[in-house]
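As a plain string of letters, each chain reads:
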Amino acid sequence: MLKRSVVAAVVVLGLCESGHALEFQAVGNGSLGVGGAGVARSDGAMSPYWNPAGLAFAKKSVTVSLTAGAGLQPDKKLAEDMDNMSKAYDAWNNNQADATAQTNLADAVANVSPTDNLRATADAALGVQVKQFGFGVFGTFEGGAVPHTVPVDTSSINAINTTLSQETVTTRGIALIEAPVSYGYLMDVGKLGHVGLGVTGKYLYGEATSTTSQIFDTATGTSISSKDLTKDLSKNRNGSSSWGVDLGAMWKMGSFLPVPVTVAMVGKYLNSPSFKAKNGDKITVDPQVRAGFSAELLSWLDLVGDVDVIKNTTLVPGLKSQKLGGGAEFHPFESLKFRAGGYTDLAESGSGAVTAGFSVGAPFLFLDIDGAYGLGSVRYDNHSYPSEGKVQCSLNMAF
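Residues numbered from 1 in each chain as written. Predicted model: local features only at pLDDT ≥ 70, side-chain atom pairs only at ≥ 80, totals over all residues. Heavy atoms only, no water.

(A) How the structure looks around the overall build of the chain. Summing up its helical and strand segments, the chain has six helices and 22 strands in all. In summary, the chain has a C-alpha radius of gyration of 23 Å against a globular reference of 21 Å for 399 residues, a match within 12%. Dimensions of the chain along its principal axes, counting C-alpha atoms only, are 80 × 40 × 30 Å. Within the chain, the proportion of its 399 residues that are buried is 51%. Of the contacts formed within the chain by residues at least 6 apart in sequence, a portion of 67% connects residues at least 24 apart. When the 30 basic and 36 acidic side-chain charges of the chain are each reduced to a single mean position, those positions are 8 Å apart. (Helix = DSSP H or I, 4+ residues; strand = E, 2+ residues; numbered from the N terminus. Rg over C-alpha atoms; globule rule 2.2 N^0.38 Å. Buried < 20%, exposed > 50% of the residue type's maximum accessible area, 1.4 Å probe, protein only. Contact = heavy atoms within 4.5 Å. Lys, Arg positive; Asp, Glu negative; His and termini not counted. Charge placed at Lys NZ, Arg CZ, Asp CG, Glu CD.)

(B) The arrangement of helix H5 (residues 157-164) in detail. Listing the buried residues of H5 in full gives Ala 159, Ile 160, Thr 163 and Leu 164. Seen from one end, H5 has its buried residues packed into an arc of 130°, which puts them on one side. (Arc of directions from axis to C-beta.)

(C) Looking closely at the side chain of Thr 211. As for its position among the elements, Thr 211 is in strand E5 (residues 193-214). Given a relative accessible area of 10%, Thr 211 falls into the buried group. If near-sequence neighbours (up to four positions away) are discounted, Thr 211 is found in contact with Val 169, Thr 170, Thr 171, Asp 232, Lys 235, Asn 236 and Asn 279.

(D) Geometry of the packing of aromatic side chains. What the rule picks out here adds up to seven aromatic pairs. Taking 5.3 Å as the distance between ring centres and 35° as the angle between the ring planes, the aromatic pair formed by Phe 24 and Trp 50 counts as tilted. A residue pair is termed long-range when its members are at least 10 positions apart, and Phe 24 in the loop between helix H1 (2-14) and helix H2 (47-50) and Trp 50 in helix H2 qualify at 26 residues. Given a relative accessible area of 8%, Phe 24 falls into the buried group. (Phe/Tyr/Trp six-rings, centres within 6.5 Å; stacked < 30°, edge-to-face > 60°.)

(E) Structural detail: the nonpolar core. Counting residues in each nonpolar core, the largest one holds 24 residues, and the members touching the most others are Met 82, Met 85, Trp 92, Leu 105, Leu 164, Phe 216 and Leu 229. Looking at this core, the elements that each hand over two or more residues are helix H3 (78-94), helix H4 (99-110) and H5. For this core, the element with the highest residue contribution is H3, accounting for seven residues. Beyond its immediate stretch of four places on either side in the chain, Trp 92 contacts Ala 101, Gln 102, Leu 105, Ile 157, Ile 160, Asn 161 and Leu 164. Core analysis: the next-biggest nonpolar cluster, separate from the first, contains 20 residues, Ala 40, Tyr 49, Trp 50 and Ala 125 among them. (Core = buried A, V, L, I, M, F, W, Y, C linked by side-chain atoms within 4.5 Å.)

The structure is reproduced here in structure tokens:
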């Protein structure tokens, strides 16, 4: 019976394919500080988000976690390109007879790649664990922008205006709020250790937005800047409701290993819920499948890691995401923990990010602060920034 249950769970998770899934965000649980890993290390209030199977191993009768975070990832040059085009357009608009200004404008548009994009994320959550049950309200936001450009015809002023009016940028975003009810079931497998199986049913409310705007408004003589891209993510929202199903499995291996090791897998949004923006654009949240491990090397040192089993297609058309991350948590004292790690995207060439964080407080009340810092450098709003930046804070209580 046990073998059939475990095999069935793995088959269900493994058969899921990604179409228009959102990214698997690192929400609470100190996960961001260890490279965004949390599938195999959550056994409390954040288990309904990370892996309901973790509830089977709950150490406390009741835990509560309140968390919030935000991130910006302009590493694909769109923000810098928009500001360069805006400068070139302003110079040309001031003197349309200037041949040099015409050439600079055409060059600025030509430098925009179809793969250029900008992404933003945010999250806020309240999680509650009561014995083997989990509840809460979990909110995530993901947005992205991508350009659509054509070569600028500089043969005449009218030709320039005609082609500039065809330059557009599309912004898409979704704010997803979920209210889950989760349960974890524990099974003793003898010398092999213990296996937890978890299930989540959740109500979903999504605010979807999709807007296509002219990069250059030739009627008013204005152009879009990088700041306008993030502002557009709050326009033309449309709300609708749906439901979702998650399944998870977690195996805490027995004493046949020299150190305690946990492996886990979770599948989220297995029913592929979808939401429509005002313009009819449908945003589908296809399954996310992630695997992870946790190893207690020493009484004061844990190693963890996660990987997306399948590629997630983000809100940016043609851009996929498959995160691999991990790190170490040092806990020399019960009231103090330090975390360090990093992650990269296996689906996209990029510089990745390093992560760090800490926890401080008493066993029944402690604070998590974690962040991620991109290893590359980009420009946004005419200033230089790291290629990615994220920050997250959590307040946790245990009884």
